[in-house]
Amino acid sequence: MRAVVQRVSRASVRVAERVTGEIGAGLLVLVGIAGDDGESDARRMAEKISGLRIFRDDTGLMNRCVAEIGGGVLLVSQFTLCGDARKGRRPSFVRAAKGEHAQKLFEFVGATIAARGLRVAYGEFGADMDVESVNAGPVTILLDSKQAF
């Protein structure tokens, strides 16, 4: 499982002009789920996302997590994070998890984050979405549940 985590001032997702999820300050998280991912990967990812200390403290250091600033988390499923572009110019997405398996793990990540007391908003799984965000910092962190990087 891979995630792109961005510290944002605000973020929202629209599907056909309808807002499906939005947050103020917090984290926009794009999540890619691979076919070999399971609940342990989802749990590890949720714990890492909710505990990631990338918000400034009173001294200006990145020392606070999203809960400490009272922020929200906007989760957006993005299978293209599992793309492999090492050969040629057209990425392969064979590593990406298929529908029901991916959706189950995506929702598990969200439920695990919410169980830690955080407000979680969502994009619409499988939809063509417009994602808007204001990246604060900018701060962008890449995560991989198998610690590939």
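These figures come from a predicted structure and were not determined experimentally.

Caption draft 1: Region of the structure containing helix α1 (residues 39-51). The end-to-end C-alpha distance of α1 is 18 Å, a good match for the 18 Å that 13 residues give at a rise of 1.5 Å each. Within the span of α1, buried status applies to D41, A42, M45, A46, I49 and S50. Here the buried residues of α1 occupy an arc of 150° about the axis, which is enough to place them on one side. Buried positions along α1 lie against β1 (2-15), β3 (26-32), α2 (99-115) and β8 (130-144).

Caption draft 2: Just the pairing of strand β2 (residues 18-23), in detail. In this structure, β1 lies alongside β2, joined through five bridges in antiparallel fashion. Of the residues in β2, the one forming a bridge with V15 is R18. Hairpin connection from β1 to β2: two residues lie between these consecutive antiparallel strands, with A16 at a positive phi of about 50°.

Caption draft 3: Summary view of the packing of aromatic side chains. In the structure shown here, the tally under the stated rule is three aromatic pairs. Aromatic side chains F79 and F93 sit 5.2 Å apart centroid to centroid with 70° between the ring planes, which places their arrangement in the edge-to-face category. Of this pair, F79 sits in the loop between β6 (72-77) and α2 while F93 sits in the loop between β6 and α2, and the two are 14 residues apart along the sequence. Between F106 and F125, the aromatic rings sit 5.9 Å apart at their centres with planes inclined by 45°, giving tilted as the arrangement. Residue F106 is found in helix α2, and its partner F125 is found in the loop between β7 (119-122) and β8; the two are separated by 19 residues along the sequence. With relative accessibility at 3%, the residue F106 sits in the buried group. Put simply, the rings of F106, Y122 and F125 pair up and form one aromatic cluster.

Caption draft 4: Representation of the nonpolar core in the model. By size, the foremost hydrophobic cluster in this structure holds 27 residues, and its most contacted members are V5, V29, I49, L75 and I113. Of all the elements in the fold, those that place two or more residues in this core are β1, β3, α1, β6, α2 and β8. Looking at this core, the element that brings in the most residues is α2, giving five residues. Apart from the residues lying within four places of it in its own chain, the contact partners of L75 are V29, V31, F106, V109, G110, I113, V120, A121, Y122 and G123. Core analysis: the second largest hydrophobic core is formed by 13 residues, V4, V15, L28 and L81 among them.

Caption draft 5: Seen up close, the pattern of salt bridges. Tallying each qualifying case throughout the model produces eight salt bridges. With its nearest N and O atoms 3.6 Å apart, the salt bridge here joins D41 to R44. In this pair, D41 and R44 are both assigned in helix α1, three residues apart and thus about one turn of the helix distant. D41 gets classed as buried once you look at its relative accessible area, which sits at 6%. For R44, a relative accessible area of 40% translates into the label partly exposed. A salt bridge links D41 to K146; the nearest nitrogen and oxygen atoms lie 2.9 Å apart.

Rules and cut-offs
Residues numbered from 1 in each chain as written. Predicted model: local features only at pLDDT ≥ 70, side-chain atom pairs only at ≥ 80, totals over all residues. Heavy atoms only, no water. Helix = DSSP H or I, 4+ residues; strand = E, 2+ residues; numbered from the N terminus. Expected span 1.5 Å × (residues − 1). Buried < 20%, exposed > 50% of the residue type's maximum accessible area, 1.4 Å probe, protein only. Arc of directions from axis to C-beta. Contact = heavy atoms within 4.5 Å. Pairing = 2+ DSSP bridges. Phe/Tyr/Trp six-rings, centres within 6.5 Å; stacked < 30°, edge-to-face > 60°. Core = buried A, V, L, I, M, F, W, Y, C linked by side-chain atoms within 4.5 Å. Salt bridge = Lys/Arg side-chain N within 4 Å of Asp/Glu carboxyl O.

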